[in-house]
Amino acid sequence: MKASILSIEHYPVLWREVLTHLPKTINFIMDGTLGHGGHAKLILEAHPEIETYFGLDRDPSVIQWFEKNRLPRLVARQANFQRASEYMDLLGEQKLCCCLLDLGTSQNQLQDPSRGFSFLREGPLDMRMNPTEGISLLQWLMEASEAQITSVLFEYGEEKYSRKVAQAIVKNRGQFQSTTELAKIIADAIPWSSKRDSKIHPATRSFQGLRIYINEELSGLGQSLEQIMRRIRPGGRLLVISFHSLEDRIVKQKMRGWEEEIRSRSLFGPGEVVKESLGKCVPRSAIKPTDLEIQENSPSRSARLRVFVKGDV
Ligand SMILES: C[S@@+](CC[C@H](N)C(=O)[O-])C[C@H]1O[C@@H](n2cnc3c(N)ncnc32)[C@H](O)[C@@H]1O
C-alpha cells in the first residue's frame, strides 16, 4: 500500500482506518466527498470486486479534473451530498454497501489562492466550494449586519472575540478585498494577550466559521446522513471523517441516536418494537489518528472517523 499512497495527490486522511472499517466485500459504494480521489484510489485498489464507485463533489473543478484523470469503475458527478435530489438518479435502484464522507475542504482547495480559503495565501474573498452557487464571502461581508457576522463567527468559528472581530469587519468595509487583508483586520481586532498565548493564527477560527457558513456545511448535515442511511443496505456501513468538534457532534448524535433506537426497543421486552432499529457504532467512540498518521500528515491531527454498521433487522 506504501507505493500507492505515494502516488496520491491528496493524502487521504485516516486511510488505514478507512480501509480497515470498510465492509469485506463491496459492489456499490458512494463517496460523497470525492476530492482528488485519495480514498477512492486506495479503496478501488483494495477492492477489485467493486462494480461502481459513485463519487460526488460539489466543486465543479474536481469533476473537470476527473474528466482528464479517469479512474476505472469511478462514476464522478458534481453534486452536493446534502441534497439527495442531486444524486439519487445516479444510484438508480442500487442499495449501497458503503458510504464514505470526508467532510470539509481539500488541500487542493486550501492551497489554491484563487479559491480564497486560506488566510496564508493572498486571494479573492470567495470561499465557495462550488463557485457557481450562492454568493462570495466578500459579497456577504459587505451585506450582512454586524449581528449576523458576530453570530456566524461565534457559532461556527467558536471565536471568543466574535463581537470585536465583527465590529472591525463592518468598520473596515470597502478597505479589504483579499484573504490576507481580511486576516489582518481580524488579527488586529483580537486582544494581544490572547494572540500571545495562542498556538494558532488569530484568523483561524473566524475563517473556519465563515467557510462553514458560506458553504452551509452544517445546516443540512444531520438530515443528509438520514437520507444516505436509507440508501445503505443491511450490513452496509457509513463512514464519516470530520475535522472539528461541531461536525463531529452532529455525526455522533446522529449515530448514537440510531443506536439508541435499538436499546429503547429492548427496554420494552422482546415482542415490543418501539422504533425500527438501525444498527450500531463500531467502535463506539470516534477513531483518532495514530502517531504515525500525524507524523505522515500533520493536518490529520484533529480528524475523527466514526463508523456506523447498519443492522440486518
Ligand atoms: C477533505 S476533501 C476529500 C478528500 C478525499 N477524501 C480524498 O481522499 O482525496 C473534501 C471534498 O469534499 C467536497 N465537499 C465538501 N462538502 C461537500 C458536499 N456537501 N457535497 C459534495 N462535496 C462536498 C469538497 O469540495 C472537497 O473536494
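Just so we're clear, the structure is a prediction, and the values are computed from it rather than from any experiment.

## What to know about the overall build of the protein chain
No. 1: The number of helices and strands found in the protein chain is 15 helices and seven strands.
No. 2: Its C-alpha atoms give the protein chain a radius of gyration of 21 Å, near enough to 20 Å, the size a compact globule of 313 residues would have.
No. 3: The C-alpha extent of the protein chain, read off along each of the three principal axes, is 60 × 50 × 40 Å.
No. 4: In the protein chain, 64% of the contacts between residues at least 6 apart in sequence involve partners at least 24 apart.

## Here's the deal with the pairing of strand E2 (residues 52–57)
No. 1: Here E2 lies mainly inside the structure; five of its six residues are buried.
No. 2: Judged from the four bridges that link them, strand E1 (residues 28–31) and E2 form a sheet pairing that is parallel. Looking at E2, one finds that Ile29 is bridged to Tyr53.
No. 3: Viewed along the sheet, the connection from E1 through helix H3 (residues 38–46) into E2 turns out right-handed.
No. 4: Between E2 and its parallel partner strand E3 (residues 74–78), the chain crosses via helix H4 (residues 60–68), and the hand of that crossover is right-handed.

## A closer look at the domain arrangement of the protein chain
No. 1: The domains assigned to the protein chain are domain 1 (2–104 + 219–310) and domain 2 (113–214).
No. 2: Its C-alpha centre places domain 1 at a distance of 30 Å from the equivalent point of domain 2.
No. 3: In this assembly, five residues from domain 1 lie in contact with five residues from domain 2.
No. 4: Grouping the amino acids of the side of domain 1 that touches domain 2 by side-chain chemistry returns two nonpolar, one polar and two charged.

Conventions adopted
Residues numbered from 1 in each chain as written. Predicted model: local features only at pLDDT ≥ 70, side-chain atom pairs only at ≥ 80, totals over all residues. Helix = DSSP H or I, 4+ residues; strand = E, 2+ residues; numbered from the N terminus. Rg over C-alpha atoms; globule rule 2.2 N^0.38 Å. Contact = placed C-beta atoms within 7 Å. Buried ≥ 20, exposed ≤ 12 C-beta atoms within 10 Å, placed from the backbone. Pairing = 2+ DSSP bridges. Right-handed = clockwise from strand over helix to strand, strands pointing away. Domains from an automatic or database assignment. Nonpolar A, V, L, I, M, F, W, Y, C, P; charged D, E, K, R; others polar.

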